[in-house]
Amino acid sequence: MRRSHFFCRMKSMRRKQTLILLLSLCMSTGKSDFAPYFYDNGSGSLSGNMALFSLAEDTAVGTHVYTLNGSDPEGEPVTYGMTFDKGSNQCFSVEPKSGKVTLVEGLDREVQDEIVACVTITDGRNKVVENVRVFITDANDEKPEFLNRPFIVDVPEDTPSGGSIYRVQALDRDIGSGGSVTYYLQSSSKFTIDGHSGVLRIRAGEALDYELATTHFVTVVAKDGGGKYHGKYQVMTSTAIVTINVLDTQDSPPVFVGTPYFGFVYEVSVPGSEIFTVFAKDGDQTSPNPIHYSILNNSDGFFSINSSSGCISLTSFPVQLRNELYELKVKASEIGPDNRFLDYTVTTVTVRVVDLNNHPPTFYGENGPQNRFELTMYEHPPEGEILRGLKITVNDSDQGANAKFRLLLAGPSRVLRVVPQTVLNEAQVTIIVENSAAIDYEKYQFLTFKLLAVEIDTPERFSATADIVINLLDTNDNAPKFSSEFYIARIPENSPGGSNVVSVTAADPDSGLWGEVKYSIYGSGADLFLIHPTSGIIYTQPWASLDAEVKSKYNFYVKAEDTEGKYSLAEVFVTVLDQNDHRPEFNQNFLEKTMIIGAPVQIQAVDEDAEEPNNIIEYSIMKADPDNIFDINTSTGEIKLKPYIKSLEIMQNITRQKDCRWSVVVQARDRGSPSFSTTAVVNIDITEANGLKGPMAAFLMQSRDNPLKALGLTAAVITVMVLVTVMISTVLYFRNAKSNRITPARRIIRRRAKEQQHWSFRPAFGQSDRNPGRFIADDNDEDTSDKHKRNNSSSRAKPPTPSAPALPPPPPAASRPSECLRAERVSGSSERLRAERVSGSSERLRAERVSGSSERLRAERVSGSSERLRPVPSVSGALSRSSSTDGHKDGISSALVSELKMRIEQKIIEANKGYYY
């Protein structure tokens, strides 16, 4: 019971402690839950709550402009935010965690100079909201704008210089220096403007004149004070045009219109005739005054003027005028409101007394006025020649300028020219030849020209004409001319003599006998041809026979000549047309061919016709026995077996013939019309293809139908080989003859007792490596070397001893080189021992002279065995090819040499067996 009671009390105490802990936590938490707050960093700070923050209007969108910054007393993380009033532009955005404020819309101070926003900071439970105003500062981004445009001003022309005539005004919406405006003018010489007020004035020393210019255009420039925009300093300007209309005032004298003035008095004028009318107007056009006209002097009473109209009239007859020229001074005066004269102007009127143009130009001949002149002359007169048969005079009865006229010659261009070209009153007319070639009887039998005389400076432009006719006489000035520079003719071969070839034509444009033409031919190709002298027909000689195969082209010259020997030439080309008059021909009627299965044989026929298609030959097989195994190429004449015949056995099975010889009747037919043909029998021997390959086989295959070619090549090859063999033999003979010279030499080789002797391969006594077949005994003994040295020092230099030719090179590592036994020369004897090699080759073994001492010659086999030759007593003597009939040699020497020879031959045979097997 106690234990259970104890556990119950413990559980209740734990519950109470838990409740007390929870209450204490809740009370402590409720007491420390404070709201976050912004830092207040004051004016100019870029971190805090944006209080007193300003931003330039030219700040680029996307710029980080501010950082909201605050804290939570409990150290909790805070987030930031920003809201705007409904309907206003949301110019900024805030990153909640970092508080970075970014500009998201462009700013314009002239539209909105401040932005109202609510910035917030919260720790998740408490949120603090503050209202802020962001001020937009100005940037110089506005141009000055002119007010009250357009600018049009009316200014009287008598406005004094320096006077004010207008005031322009411009406004800049920027503030500060960027909003101040100053003015100036562009390129104006008559006006100035005040830079601050914009008052426009007439420049000092200048005046307006309506008569010179009624309107002036002045360009005014408004410039602000400048300022920064996007970090750069800039000044902005605007322009406007001021139109100044000048008002007229009464300050200008009258002005004559249409000066200078000229009048004319003619011989038919009568008193009262109008000569000229002057006209003047007031210089002030706004309110013009009436004009009064008068003549001041130089009229001499012969002229008068209407005071209101300005018409000048003649007051007497022209015959009474004493001068040819009068200059009248005419005055034009303004009449004021009270009929008194005001300003005036004086001008000069020139009056000329002139003759009346009432006579046209007239042409005269020898008998008076004449309008047709005719002349007969030969063609082609010299250039520059005067046509003296024409006697022409021209006259105009008027005076002065009325009698001045121009002469013209109308007709074929640039053939004749007239002199003079300009005439005053009267002149003798001369016609000169300018182009002699154009005066051609063959072109024109007569020439017609129009001679014209036309007044120059008169308004009437009177004129006169006369016909000039020139009759031409012919001369022989042309050579006959062919209708073509060359003629091309064609005539079939075998044409009979006298056949027409071609007709040539030449014409001489001259008249009479000068126009008659005679033809002739000449040239290397004209022997077979004739020409009719008057008709120009070319034909063959009566005996001529044309053959295209002999000559198919002829060319010669034809000559056309007139009666005075003037001529021209043309070339004639005659082509003899080939006729099919030859049949194809084989070189013989029976042809022998050898065909290898798989390779064709070719036959060939020749057609002696000159041209195609007469000499084009087509081949065909007329008859074959058997007739089903051959094909022929119709163009080349190649005969080949059917594709399925691959061997001689197949062919024999098909034809059931064991014989390999077949006969084929081949036809050669040309393509002429009519066509000719020839047949030939081709005997074909068919064989199997041989196994030869390479260039020689190809040559034999190609020359199988031409055995002489193969025989010639074989003879040439044999000849070259014989020559090469003779040369090599000669060289070897002279070389061996030189090497076989034997001079006395001595060499002593001693052998130590019971010591094995070794053989080594090295050159002997100055012998070069060119004789590798020589072996020299080497005891490796000091005594031997000493004796050898003494012997060498005591004896004279010895030539190399003769040696046998070397054996073929040994097999690589399998066997040693074949041994070659050599008997060294032994001192004490002057004879040589020579042994020939008997192995069938041309090599020779030479036994050197053997001394009379008791030393023996040892030879050791080089093929690897250790067998040694038995010692042989040395005897003075020599071994040669001659028989034993030499009487001076004793029997002992002969026996020793014979035994040595047999042993040497045995060693050579064993060495050769070891080499070849």
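Read on for an overview of the structure. Bear in mind the structure is a predicted one, so any value in this text is a computation, not a measurement.

**A look at the nonpolar core**
- Core analysis: the largest hydrophobic core is formed by 30 residues, its most contacted members being Phe363, Leu387, Val394, Leu407, Leu416 and Ile470.
- Elements with a contribution of two residues or more to this core: strand 33 (372–378), strand 34 (392–395), strand 35 (404–410), strand 36 (416–419), strand 38 (426–433), strand 39 (446–455) and strand 40 (463–473).
- Ranked by residues supplied to this core, first place goes to strand 40 with 5 residues.
- If we ignore the near neighbours within four places in the chain, the residues touching Val394 are Pro361, Thr362, Phe363, Phe405, Leu407, Val423, Asn425, Glu426, Ala427, Val429 and Ala453.
- Of all hydrophobic cores here, the second largest spans 27 residues; its members include Val504, Val517, Ala548 and Val572.

**Focus on the side chain of Asp508**
- Topologically, Asp508 is positioned in the loop between strand 44 (506–507) and strand 45 (518–522).
- Summary of buried charges: Asp508 has no salt-bridge partner, and the nearest side chain of opposite charge, Lys566, is 8.0 Å away.
- Look past the residues within four positions of Asp508 in its chain and what remains in contact with it is Asn478, Ala479, Pro480, Trp514, Gly515, Val517 and Asp562.

**Describing the environment of Asn245**
- Mapped onto the elements, Asn245 comes out in strand 21 (residues 237–247).
- A sequence separation of 90 residues divides Asn245 from Val155, and the C-alpha atoms of the two residues are 6.1 Å apart.
- If we skip the residues at most four places from it in the chain, Asn245 touches Ile152, Val153, Asp154, Val155, Thr214 and Thr215.
- At a separation of 3.2 Å, a polar atom in the side chain of Asn245 contacts the side chain of Asp154.

**Overview of the packing of aromatic side chains**
- Tallied over the full model, the rule gives 17 aromatic pairs.
- With 5.8 Å between their ring centres and 50 degrees between their planes, Phe151 and Tyr166 make a pair best called tilted. You can see Phe151 sitting in strand 12 (residues 151–156) and its partner Tyr166 sitting in strand 13 (residues 164–167), a full 15 residues away along the chain.
- For Phe151, a relative accessible area of 1% translates into the label buried.
- Classification of Tyr166 by relative accessible area gives partly exposed; the value is 24%.
- Ring geometry for Phe486 versus Phe573: centroids 6.4 Å apart, planes at 80 degrees, classification edge-to-face. Of this pair, Phe486 sits in strand 42 (residues 486–492) while Phe573 sits in strand 49 (residues 567–577), and the two are 87 residues apart along the sequence.

**Overview of the sheet that holds strand 23 (residues 261–266)**
- Taken in spatial order, the 4 strands line up as 23-30-29-26 in an open sheet, and their pairing is mixed. Both outer strands of the open sheet, strand 23 and strand 26 (291–295), are each paired with one neighbouring strand and no more. For this sheet, the mean angle separating the axes of adjacent strands, direction not counted, is 30 degrees.
- Pairing between strand 29 (residues 325–335) and strand 30 (residues 341–354): 10 bridges, direction antiparallel. Residue pairing in the sheet places Ser333 in a bridge with Tyr344 of strand 30.

**Overview of the side chain of Asp172**
- The topology assignment puts Asp172 in the loop between strand 14 (170–171) and strand 15 (181–186).
- Of the side chains with opposite charge, Arg173 comes closest to the buried, unpaired Asp172, at an N-O distance of 7.3 Å.
- A distance of 3.0 Å separates a polar side-chain atom of Asp172 from the backbone nitrogen of Asp174.
- If sequence neighbours within four positions are ignored, Asp172 has contacts with Glu142, Lys143, Pro144, Gly178, Gly179, Val181 and Asp224.

The rules behind each value
Here the residue index of a chain counts from 1 through its sequence in written order. A pLDDT threshold of at least 70 governs which residues receive local features in this predicted model, and a stricter bar of 80 or more applies before side-chain atom pairs are shown or counted, although totals over entire chains, interfaces and linings include all residues. Here the side-chain values reflect all heavy atoms present in the structure, with hydrogen atoms and water set aside. The criterion is simple. A nonpolar core is a set of buried Ala, Val, Leu, Ile, Met, Phe, Trp, Tyr and Cys residues joined through side-chain atoms within 4.5 Å. A 1.4 Å probe rolled over the protein chains alone gives each residue an accessible area, and that area as a share of the maximum for its type sets the label: buried under 20%, exposed over 50%, partly exposed in between. A helix here means a DSSP run of H or I that spans at least four residues, while a strand means a run of E at least two residues long, and both kinds are numbered starting from the N terminus. The contact definition used throughout considers only heavy atoms, calling two residues in contact when any of these lie within 4.5 Å. By the counting scheme adopted, Arg and Lys are positive, Glu and Asp are negative, and His together with the chain ends is not counted. By convention in these notes, a salt bridge is any Lys or Arg side-chain nitrogen within 4 Å of a carboxyl oxygen on Asp or Glu. Polar contact is defined as a pair of N or O atoms within 3.5 Å, subject to the rule that within protein one atom must be able to donate a hydrogen and the other to accept it, and that residues adjacent in sequence are counted only when both atoms are side-chain atoms. Two rings belonging to Phe, Tyr or Trp (six-membered ring only in the last case) form a pair when the distance between their centres is within 6.5 Å. Interplanar angles under 30 degrees mark stacking, angles over 60 mark edge-to-face geometry, and anything in between is tilted. Think of it this way: DSSP has to see at least two bridges between two strands before they count as a pair. Every axis in this analysis is a line fitted to C-alpha atoms, fitted for helices over the stretch in contact. Angles between the N-to-C directions lie between 0 and 180 degrees.

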